Amino acid sequence: LMVSLRDVSHRIFKYEHVIHKLRYELNAEARLLDSPDLLWENAMAEKLHDKVVAHFDVRRRTEILNQRLSYSLDYLHTLGEHVRHLYSMRLER
């Protein structure tokens, strides 16, 4: 099976995009660490929300997921650099 450097580069770009999208959903869209607006008017409900977040250790889990996403992005970046290097070597021939 012959795969071109262009195809590999495209796949790497696609996976980087997916990971950035996951990170956005984790940190911005999901807003797991923020109290929902409807809780602002109900102190008891807000305290319960905070206890649930603390009980399930949501902050630490979110940090761990962010770290793992960073590692994955770093790895993909390294692979992308390697593919670009191979491609430039091929062009120099």
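Located above this text is the structure these notes cover.
Small disclaimer: the values here were computed from a predicted structure and weren't measured. (Residues numbered from 1 in each chain as written. Predicted model: local features only at pLDDT ≥ 70, side-chain atom pairs only at ≥ 80, totals over all residues. Heavy atoms only, no water.)

Draft legend 1. Region of interest: the environment of Ser-35. Here Ser-35 shows up in the loop between α1 (5-29) and α2 (43-55). As for Ser-35 and Ala-45, which are separated by 10 residues in sequence, their C-alpha atoms are 9.5 Å apart. Excluding its chain neighbours within four sequence positions, the residues that come into contact with Ser-35 are Trp-40, Glu-46, His-49 and Asp-50. (Helix = DSSP H or I, 4+ residues; strand = E, 2+ residues; numbered from the N terminus. Contact = heavy atoms within 4.5 Å.)

Draft legend 2. How the structure looks around the environment of Asn-66. Counting through the fold element by element, Asn-66 comes out in helix α3 (residues 58-92). Its relative accessible area of 17% is what places Asn-66 among the buried residues. Between the C-alpha atom of Asn-66 and that of Asn-27, which follows or precedes it by 39 residues, the distance is 8.6 Å. Once residues lying within four places of it in the same chain are set aside, the contact partners of Asn-66 are Arg-23, Leu-26 and Asn-27. (Buried < 20%, exposed > 50% of the residue type's maximum accessible area, 1.4 Å probe, protein only.)

Draft legend 3. Examining α3 more closely. Given a rise of 1.5 Å per residue, 35 residues ought to cover 51 Å, and the 51 Å separating the end C-alpha atoms of α3 matches this to within 8%. For α3, the complete set of buried residues consists of Val-58, Thr-62, Asn-66, Leu-69, Leu-73, Leu-76, Gly-80 and Val-83. Buried-residue contacts for α3 involve α1 and α2. (Expected span 1.5 Å × (residues − 1).)

Draft legend 4. Examining the pattern of salt bridges more closely. Inspection of the entire model under this criterion finds 3 salt bridges. A salt bridge links Arg-60 to Asp-57, with the shortest nitrogen-to-oxygen separation between them at 2.5 Å. In this structure Arg-60 comes out as partly exposed when scored by relative accessible area, which is 42%. Taking the relative accessible area as the measure of exposure, Asp-57 reaches 29% and is therefore partly exposed. Here Glu-81 and Arg-84 are joined by a salt bridge, their closest N and O atoms 3.0 Å apart. Of this pair, Glu-81 and Arg-84 both sit in helix α3, 3 residues apart, which is roughly one turn of the helix. (Salt bridge = Lys/Arg side-chain N within 4 Å of Asp/Glu carboxyl O.)

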